[in-house]
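# Residue-level structural notes
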Amino acid sequence: PSRSVSPIPPATAAVPTPPPVAPPPVIADDARAQTAALALLKGGKLKDARRKFQELLRRFPTSRLADDAQYWIGETYYLEKRYDKAILEYDKVVINYAKGDKVPGALLKQGFAFLALGDKASAKQLLNQLVGEYPDSDEAKTARSRLLNL
């Protein structure tokens, strides 16, 4: 005996599904993430920029741009005149990325942040460290001229 195939009941008939809602675009690489964060920084959106740099560090902890991101986090606090936080963030550059190219800049800005807080002794120590460890850097030139006035 042949069996007849019963038709699909109407309740289970294929109903067209709406197209999926696209998720927000994800920045797939560290360079684009940094570019986006720097654009926010240049636009004066310091908190947003800081969040983007922090996200870059979370997503790409071993990136060649990690030291830059850490430096720019410090810079956002410096620009907000939150010098105590800036000093701590710049210190992470010096400690965590000792061989990176942002160390001289981090030392210089730490020195400037200590000056802004009125701590000349710490500022002198950092600026002298910068001159001693990176004597040929542009930052050392700036540090030398600042030390003359302290």
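The rules behind these values
- Residues numbered from 1 in each chain as written.
- Predicted model: local features only at pLDDT ≥ 70, side-chain atom pairs only at ≥ 80, totals over all residues.
- Heavy atoms only, no water.
- Helix = DSSP H or I, 4+ residues; strand = E, 2+ residues; numbered from the N terminus.
- Buried < 20%, exposed > 50% of the residue type's maximum accessible area, 1.4 Å probe, protein only.
- Areas by Shrake-Rupley, 256 points an atom, 1.4 Å probe, with all protein chains shown as cover.
- Expected span 1.5 Å × (residues − 1).
- Contact = heavy atoms within 4.5 Å.
- Phe/Tyr/Trp six-rings, centres within 6.5 Å; stacked < 30°, edge-to-face > 60°.
- Lys NZ or Arg CZ within 6 Å of the ring centre and 35° of its normal.
- Polar contact = N/O pair within 3.5 Å; in protein donor to acceptor, adjacent residues only side chain to side chain.
- Salt bridge = Lys/Arg side-chain N within 4 Å of Asp/Glu carboxyl O.
- Axes fitted to C-alpha atoms, helices over the stretch in contact; angles between N-to-C directions.
- Parallel < 35°, antiparallel > 145°, perpendicular 65-115°, else oblique.
- Nonpolar A, V, L, I, M, F, W, Y, C, P; charged D, E, K, R; others polar.

## Structural notes on the overall build of the chain
Looking only at helices and strands, the chain has seven helices and zero strands in total. Starting at the N terminus and walking to the C terminus, you meet the elements of the chain as α-α-α-α-α-α-α. For the chain, buried positions account for 40% of its 150 residues. Looking at the chain as shown, the accessible area adds up to about 9,600 Å², and 57% of this sits on carbon and sulfur atoms.

## Side note on helix 4 (residues 83-96)
Over its 14 residues, helix 4 runs 20 Å from end to end, which matches the ideal 20 Å to within 8%, given 1.5 Å per residue. Among all positions in helix 4, only Y83, A86, I87, E89, Y90, V93 and V94 are buried. Close packing links the buried residues of helix 4 with helix 3 (66-79) and helix 5 (103-116).

## Concerning the packing of aromatic side chains
Per the stated rule, a full pass over the model turns up three aromatic pairs. Ring geometry for Y71 and W72: centres 5.2 Å apart, planes at 85°, overall edge-to-face. Judged by its relative accessible area of 9%, Y71 falls in the buried class. Members of the aromatic cluster, each reached through a chain of ring pairs, are Y71, W72 and Y90. Sitting above the plane of the Y71 ring, K102 keeps its charged end 4.8 Å from the centroid. The ring of Y78 carries the charged tip of K109 above its face, separated from the ring centre by 4.2 Å.

## Looking at the side chain of R50
For R50, the position within the fold is in helix 2 (residues 46-59). Residue R50 is classed as buried on the basis of its relative accessible area, which comes to 6%. For R50, the side chain forms a polar contact with the side chain of T76, separated by 2.9 Å. Excluding residues within four positions of it along the chain, R50 makes contact with I73, T76, Y77, E80 and R82.

## Details of the pattern of salt bridges
All chains considered together, the criterion is met by eight salt bridges. Note that E75 and K109 form a salt bridge whose closest N and O atoms lie 2.7 Å from each other. With E75 in helix 3 and K109 in helix 5, this residue pair connects regions lying 34 residues apart in the sequence. Its relative accessible area of 9% is what places E75 among the buried residues. Residue K109 is classed as buried on the basis of its relative accessible area of 11%.

## With respect to the packing of helix 3 against helix 4
Viewed as axis vectors pointing N to C, helix 3 and helix 4 meet at an angle of 170°, and their least axial separation amounts to 7 Å. Here helix 3 is positioned roughly antiparallel relative to helix 4, judged by the angle of their axes. Between helix 3, through D67, Q70, Y71, I73, G74, E75, Y77 and Y78, and helix 4, the contact on the second element is made entirely by Y83, K85, A86, E89, Y90, K92 and V93. Of the residues belonging to the contact of helix 3 with helix 4, the class tally is eight nonpolar, two polar and five charged.

## Description of helix 3
Taking 1.5 Å of rise per residue, 14 residues should cover 20 Å, and helix 3 covers 20 Å from first to last C-alpha, within 8% of that figure. With twelve of its 14 residues buried, helix 3 lies for the most part within the structure. Residues A66, D67, D68, A69, Q70, Y71, I73, G74, E75, T76, Y77 and Y78 constitute the buried set of helix 3. Taken together, the buried residues of helix 3 touch helix 1 (30-42), helix 2, helix 4 and helix 5. The positive-phi residue at the C-terminal boundary of helix 3 is K81, with phi of around 65°.

Shape descriptors only; they carry no functional weight alone.
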